[in-house]
Amino acid sequence: MKVVCLSGGVGGAKLVAGLHDVLGAGELTVIGNVGDDLEVLGLHVSPDLDSVLYGLAGLNDTERGWGRAGETWQALESARAWGGEDWFMLGDRDLGLHLVRTQALRSGERLSEITERLVRTTGLATRLLPVTDDRVRTHVVTPAGRFAFQEWFVARRHEDEVDALLYEGAEDATPAPGVVEALESADTIVIAPSNPFVSIHPILAVPGITRAVEARRARSVAVSPLIGGKAVRGPLDRMMLRLLGGTSPAHVKRCYEGLLDVLVIDGADASATSDGHVVVTDTLMDDRDAARRLARTTLEAAMDGTS
Ligand code: FO1
């Protein structure tokens, strides 16, 4: 079975790890968001690709949700002491990856080639592709002004309400090699439980991606990122209330109009819908076993269509 998963960082990376475990070698391709990429201390950082990579390899910090387990912060403390930027916390272990990636980018390698090489280094058979090798940057429009995604998310602690999102560069971007082909040949397309506005829409905004999902021969399934109408972490519930007027399964579906055959929701949201095209399960992934269970249910939901 060929499965393609569209994923952002933290929540998406958990389901990706579960899918990787329950699928056979080489059956999973992950298409990752690059809208929240940034340059810190001269280094290119791809937070969502890295969350997926670390999660797959079991190197991720499960408490913090991002970065590496067993992390230390000496380089950051040194940079701070020298007057360098320290608002975006790069740990010592994490830094190694950013050094390798930035050097490869500067020598002319494409992000997709580098990412493929990094995954190969871990020995994993899953494919991880950035949606594009071109520069796409998410910006948020708030009552306090327009901010680059990480400035709003990290530096301003996503406290400002969001009125609109912009995916700068997306309309001129080209899908990375293999992305459209993977979608066209997939048997199942999974949309991970990531924030639709900041993780999945910047993927869909790259020309050719939405079209490929709309024209799918595959079954398409999304896992709702909300439990009981609340985000597991982050600002999604507030964003949905302001941008869509609610946080029910129907509101989640509206994020993916024309792109879904079935939506997987948590039991805590079951009473908020009478829709037939939903499958109800426990969607909280507090360990890898739970991620595997959800991955199995998600794949079955795609095959059955409805519960
Ligand atoms: N999130 C934070 O809230 N604060 C940080 O300092 C921070 C650093 C960081 C470094 C590397 C990395 O891969 C992720 C990091 N994140 C941090 C998480 C990241 O900003 C977001 O979780 C994603 O971009 C949202 O999808």
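About the thresholds
Residues numbered from 1 in each chain as written. Predicted model: local features only at pLDDT ≥ 70, side-chain atom pairs only at ≥ 80, totals over all residues. Heavy atoms only, no water. Near = heavy atom within 4 Å. Polar contact = N/O pair within 3.5 Å; in protein donor to acceptor, adjacent residues only side chain to side chain. Areas by Shrake-Rupley, 256 points an atom, 1.4 Å probe, with all protein chains shown as cover. Helix = DSSP H or I, 4+ residues; strand = E, 2+ residues; numbered from the N terminus. Nonpolar A, V, L, I, M, F, W, Y, C, P; charged D, E, K, R; others polar. Core = buried A, V, L, I, M, F, W, Y, C linked by side-chain atoms within 4.5 Å. Buried < 20%, exposed > 50% of the residue type's maximum accessible area, 1.4 Å probe, protein only. Contact = heavy atoms within 4.5 Å. Pairing = 2+ DSSP bridges. Axes fitted to C-alpha atoms, helices over the stretch in contact; angles between N-to-C directions.

Novice: How would you sum up the site of the ligand? Please name residues and give values.
Specialist: In the region of the ligand, 14 residues are neighbours, and Asp36, Asp48, Phe88, Met89 and Gln150 sit closest. Interatomic distance of 2.9 Å between a backbone N/O atom of Met89 and an oxygen atom of the ligand. Within the side chain of Gln150, one N or O atom sits 2.8 Å away from an oxygen atom of the ligand. A total of 540 Å² of accessible area belongs to the ligand in isolation, and the protein chains cover 88% of it. Looking at the shell around the ligand, the elements that each hand over two or more residues are α2 (47–57) and α6 (149–155). Sort the elements by how many residues they give to the shell around the ligand and α6 lands first, with four residues. Of the residues in the shell around the ligand, the class split is 10 nonpolar, one polar and three charged.

Novice: Describe the nonpolar core, listing the residues and the values that go with them.
Specialist: The nonpolar side chains of a soluble globular protein tend to be buried with one another. With 83 residues, the main nonpolar core has Leu6, Leu19, Leu183, Phe197 and Tyr256 as its most contacted residues. Among the elements that line this core, the one with the most residues is helix α12 (residues 288–304), at six residues. Not counting chain neighbours up to four residues away, the residues in contact with Leu183 comprise Val4, Leu6, Ile31, Ile189, Ile209, Ala212 and Val213. Residues Val40, Val45, Phe88 and Leu90 belong to the second largest nonpolar core, which totals seven residues.

Novice: Hey, could you go over the sheet that holds strand β7 (residues 145–148) for me, with residue numbers and the actual values?
Specialist: Ordered in space as β7-β6-β8, the three strands form an open sheet in which the pairing is antiparallel. The strands lining the two open edges of the sheet, one partner per strand, are β7 and β8 (164–168). Looking at each pair of strands side by side, their axes are set apart by 25° on average, direction ignored. In terms of strand pairing, strand β6 (residues 137–142) meets β7 through four bridges, oriented antiparallel. Bridge pairing in β7 links Val140 to Phe147. Its contacts with the sheet place helix α8 (residues 196–204) against β6 and β8, and it is angled at close to 40° to β8.

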